[in-house]
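Each chain, letter by letter, is given below.
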Amino acid sequence: MASLVLTDDLLSDIFLRLPEPADLVRTSAACVPFRRLVTDRAFLRRFRALHPAPLLGFLDVHNGFHPALPPHASAPAARAVSLAADFSLSFLPSSSSSTGRGWVVRDVRDGCVLLDRAPDGGGDSPSFFTEIAVCDPLHRRCVLLPAIPDDLAAAVDHPLRVEFDRWGEPFLAPLGHGDDEASFAVIWMAQCKAKLVAFAFSSTTGQWRAVASLPSRDLMSGVGVSSRSPAFSGRQYACGSFYWVMDWRDKLLVLDTRRMEFSIADLPPVCHRRQIAIVEAGGGRIGMFALRDHVADGAVSLHYTVRQDDAYGSSHWQMEKTIPLDPGFRHYIRGAMERYILLLRFPEHLSSAGVHVSSSAEIEDLECFSMDVRTLQLEWVCQLKHHILRAYIYTNFPPSLSPQRV
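Read on for an overview of the structure. (Residues numbered from 1 in each chain as written. Predicted model: local features only at pLDDT ≥ 70, side-chain atom pairs only at ≥ 80, totals over all residues. Heavy atoms only, no water.)

Quick look at the pairing of strand E2 (residues 64-67) now. Where strand E1 (residues 55-60) lies against E2, four bridges are found, and the strand directions are antiparallel. Considered in E2, the bridge of Leu59 is made with Phe65. The turn linking E1 back onto E2 is made up of three residues. (Pairing = 2+ DSSP bridges. Helix = DSSP H or I, 4+ residues; strand = E, 2+ residues; numbered from the N terminus.)

As a rule of thumb, soluble globular proteins bury nonpolar side chains together. Among the nonpolar cores identified, the biggest contains 37 residues, and Phe58, Leu115, Leu384 and Tyr394 are the most heavily contacted of them. Sequence-distant contacts of Leu115, that is, excluding residues within four places in its chain, are made with Leu89, Leu92, Trp103, Val104, Val105, Arg106, Glu131, Ile132, Ala133 and Cys135. Listed in part, the 20 residues of the second largest apolar core include Leu145, Val156, Phe184 and Val197. (Core = buried A, V, L, I, M, F, W, Y, C linked by side-chain atoms within 4.5 Å. Buried < 20%, exposed > 50% of the residue type's maximum accessible area, 1.4 Å probe, protein only. Contact = heavy atoms within 4.5 Å.)

A complete count under the given rule lists 19 salt bridges for this structure. Between Asp165 and Arg161 there is a salt bridge, with the nearest N and O atoms lying 2.4 Å from each other. Under the relative-accessibility criterion, Asp165 is labelled partly exposed at 40%. Note that Arg390 and Glu163 form a salt bridge whose closest N and O atoms lie 3.2 Å from each other. Of the two residues, Arg390 sits in the loop between strand E22 (378-384) and strand E23 (392-395) while Glu163 sits in the loop between helix H6 (150-153) and strand E7 (169-173), which places them 227 residues apart along the sequence. (Salt bridge = Lys/Arg side-chain N within 4 Å of Asp/Glu carboxyl O.)

Turning our eyes to something else, we now look at the sheet that holds strand E10 (residues 207-215). The strand order across the open sheet built from four strands is E7-E8-E9-E10, with neighbouring strands paired in antiparallel fashion. Because the sheet does not close on itself, it has two edges, and the strands there are E7 and E10. Taking the axes of each pair of neighbouring strands and ignoring which way they run, one obtains an average angle of 20° across the sheet. As paired strands, E7 and strand E8 (residues 185-191) are joined by five bridges and run antiparallel to one another. Within E8, the position partnered with Glu169 by the bridge is Met189. (Axes fitted to C-alpha atoms, helices over the stretch in contact; angles between N-to-C directions.)

Mapped onto the elements of the fold, Arg117 is located in strand E4 (residues 112-117). Here Glu131 takes part through its side chain, which lies 2.9 Å from a polar atom of the side chain of Arg117. (Polar contact = N/O pair within 3.5 Å; in protein donor to acceptor, adjacent residues only side chain to side chain.)

The next point concerns empty space enclosed by the protein. Following the criterion strictly, the structure yields three cavities of 30 Å³ or more and no others. Surrounding the largest cavity, Arg109, Asp110, Cys112, Leu172, Ala173, Leu175, Ser183, Phe184, Ala185 and Arg405 form its lining. Among the residues forming the lining of the largest cavity, the class breakdown is six nonpolar, one polar and three charged. (1 Å grid on protein atoms, 1.4 Å probe; cavity = no way out; pocket = protein on both sides within 12 Å on 5 of 7 lines; lining within 4 Å. Points joined across faces, edges and corners; volume = space filled by probe spheres on them. Nonpolar A, V, L, I, M, F, W, Y, C, P; charged D, E, K, R; others polar.)

Together, Leu6, Leu10 and Ile14 line one region of the surface with nonpolar side chains, adding up to about 240 Å² of accessible area. Position of Leu10 relative to the elements: it lies in helix H1 (residues 8-16). For Leu10, a relative accessible area of 32% gives the class partly exposed. (Patch = residues over 30% accessible without salt bridge, like charges linked within 9 Å, V, L, I, M, F, W, Y side chains within 5 Å. Areas by Shrake-Rupley, 256 points an atom, 1.4 Å probe, with all protein chains shown as cover.)

In this section: the sheet that holds E23. Spatially, the three strands line up as an open sheet ordered E2-E1-E23, and their pairing is antiparallel. Every interior strand has two partners, whereas the edge strands, E2 and E23, have only one. For this sheet the average axis-to-axis angle between neighbouring strands, irrespective of direction, equals 35°.

Structure follows, in structure tokens:
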């Protein structure tokens, strides 16, 4: 019998089936021929297309990057990335005047970080628009976006103030199949008193364009939303769409990025609007985790529901699992990214002792945990000294496997 010949094509097919990026890193260290195969750019593009990037940590607005620490499964890759990258973002342009404000993290996706800042002084009235930058901390590269053109900006009429004392919300859009890995897209959205307005920027064309605008009366007919405050908040993403929770109503605002259309969807019954995480449940379905307190016995649990679509175009939420959490702790959902959620917890006795988790004082017992929707298992990420209101989950590949994103 002729001996089996392991050709490069056959080895590549085998390596593509390795379950985790860390396995590929170890393979590349085995011998020179293996390293040549797994560092080939075409092979790496195929591998990244088949394997979602692991959670390596998270960024918060004020305290930079928090890598996943041992015993988290991603700890080795997180350490390698934190050593190689510049998460202080020292390569960002500095303010040109003493009146200029600093950069604020607004979104993180696919290894990119989007930030904005109020423009440097000047003018009698504040601008509705901020300077926007997209950067790749691992490769220390940054792109400043051009200003939204006047003809598009004219559509923004009486916008409502959102978080960080801003009048609009910029965020990173997912790349489409076949897009260059070094390209990126940004959406800027404003909630005006009479309508929703959205513009999109493509790094390929270098231009902004109008993508969606809808009168509030058409979108929110019969919902009864006040125009005094933003109607939607807490942006999340899954399966090609962005989701916002509607204030005071059990509804979601949906922006479908494939059709660039707004719509309204229902939340699952008895769902706390401020403690939910939207994820990708597999098969093109979205799932939702919701924190539920059980007043009678003091227990707390995560309720996991999945939206099921039927053959007639309607959908409903179906309960999949209830996950009990450790008693004696306060839990908060602080981030979600495709198939991951991030939880913050601290001992209940701190609350009973009068310690406010939202205070700026140091709290030694704050812990962060991640959960992967595939396993529904909690993994300890790190310990914090300060409370965070929002965490931007950072997913990426180890430095040797990660492409330049900007």
